[in-house]
Amino acid sequence: MALAVTIEVLGMAMTTIPAIAADPIIGTWKLDVGSSKFVLPPPKEQTEVYKELASGEIGLVLTRVQSVGAATSTQLTWPASGGAVHDPDGRLPKGETIVETLLGPGEWLVTYMRNGTQYLMMHKVISQEGKTMRQTIKGLDPQGRPAEQVQVLRRQ
């Protein structure tokens, strides 16, 4: 009887370990400008660093160098299982809300809202081999027309 219980407990532990494992998004990603498709002028460089935080959240530091050379860095966090994005530096504009939804390991849907109205969606997908992240962004261009932008990032 004790052996049967031990086997059952080990079996349950083996099925829960993958759920606890780090999401494939964890790591450093660099934008491949040449493989990406932009609506607006592309940045000169972009790096995204995703980390698991002790708080049970995912932290993102996004560093971007614009084509004119100006550099910006943004830090965001959200629950590893998905949820509202927190902006510890207070850089999100007033009324702006971002929600990260975990669809599965290495697949996220990001909803951007302004004053409660959705205006942009981003779908992040990590490739099967874990070396490429594709971010498909759908929203409106500056003239208010539907537009799609695709960012291809490579794991560093």
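### Details of the overall build of the protein
A tally of helices and strands in the protein yields one helix and ten strands. For the protein, buried positions account for 31% of its 156 residues. Excluding contacts between residues fewer than 6 apart, the proportion of contacts in the protein whose partners are at least 24 apart in sequence is 29%. Surface accessibility of the protein: about 9,500 Å² in total, with carbon and sulfur atoms responsible for 60%.

### Side note on the pattern of salt bridges
Close approach of charged atoms allows side chains of opposite charge to pair. The full count for this structure, using the stated rule, is five salt bridges. A salt bridge links Arg114 to Glu96; its shortest N-O distance comes to 3.6 Å. Placement of the pair is Arg114 in strand 7 (residues 107–114) and Glu96 in strand 6 (residues 96–104), with a sequence separation of 18 residues. Residue classification places Glu96 among the buried positions, given a relative accessible area of 15%. Arg145 is the salt-bridge partner of Asp141, the closest N and O atoms lying 3.0 Å from each other.

### Brief notes about the confidence of the model for the protein
Per-residue confidence for the protein averages 89 on the pLDDT scale, and 87% of its residues sit at or above 70. Low pLDDT (under 50) marks residues 9–19, which in the prediction has zero contacts with non-local residues, meaning those over four places away or in another chain.

### Observations regarding the environment of Asp89
Position of Asp89 relative to the elements: it lies in the loop between strand 5 (83–84) and strand 6. When its relative accessible area of 42% is taken as the criterion, Asp89 is described as partly exposed. Considered as a pair, Asp89 and Leu76 are 13 residues apart in the sequence and their alpha carbons are 8.2 Å apart.

### Some thoughts on the environment of Val68
On the secondary structure map, Val68 appears in the loop between strand 3 (57–65) and strand 4 (71–79). Assessed through its relative accessible area of 75%, Val68 is described here as exposed. A sequence separation of 24 residues divides Val68 from Lys44, and the C-alpha atoms of the two residues are 8.0 Å apart.

### Quick notes on the nonpolar core
Formed by 19 residues in total, the largest nonpolar core has its most connected members in Ile25, Trp29, Tyr50, Ile58, Leu60, Trp78 and Met133. Among the secondary structure elements, those contributing two or more residues to this core are strand 1 (27–31), strand 3, strand 4, strand 7, strand 8 (117–126) and strand 9 (132–140). When near neighbours in sequence (up to four residues on either side) are disregarded, Ile25 contacts Tyr50, Ile58, Trp108, Lys124, Ile126 and Met133.

### Here we look at the sheet that holds strand 9
Spatially, ten strands are ordered 4-3-2-1-10-9-8-7-6-5 in an open sheet, and the strand pairing comes out antiparallel. Each of the sheet's edge strands pairs with one partner strand only, and the pair in question is strand 4 and strand 5.

### Describing the pairing of strand 4
Pairing geometry for strand 3 and strand 4, over nine bridges, is antiparallel. Of the residues in strand 4, the one forming a bridge with Val65 is Ala71. Linkage of strand 3 to strand 4, two consecutive antiparallel strands, is achieved through a turn of five residues, within which Gly69 is found at a positive phi near 100 degrees.

Procedures and definitions
- Each chain carries its own residue numbering, running from 1 in the direction its sequence is written.
- Reporting in this predicted model follows two pLDDT cut-offs: at least 70 for local features of residues, and 80 or more for side-chain atom pairs to be given and counted; totals over whole chains, interfaces and linings ignore these cut-offs and use all residues.
- Hydrogens and waters are ignored; side-chain quantities use all the structure's heavy atoms.
- By the criteria applied, helices consist of DSSP H or I runs no shorter than four residues and strands consist of E runs no shorter than two, each listed in order from the N terminus.
- Exposed residues in this analysis have more than 50% of their type's maximum accessible area, buried residues have under 20%, and partly exposed residues fall in between, with area computed by a 1.4 Å probe over protein chains only.
- The criterion used for residue contact is that any of the two residues' heavy atoms lie within 4.5 Å.
- To be clear on the numbers: accessible area is Shrake-Rupley with a 1.4 Å probe, and residue cover counts the displayed protein chains and nothing else.
- Salt bridges are counted wherever a side-chain nitrogen of Lys or Arg sits within 4 Å of a carboxyl oxygen of Asp or Glu.
- For every residue, the predictor states its confidence as a pLDDT score lying anywhere from 0 to 100.
- Take the buried residues of types Ala, Val, Leu, Ile, Met, Phe, Trp, Tyr and Cys, join any two whose side-chain atoms come within 4.5 Å, and each joined set is a nonpolar core.
- When DSSP finds two or more bridges between a pair of strands, those strands are recorded as paired.

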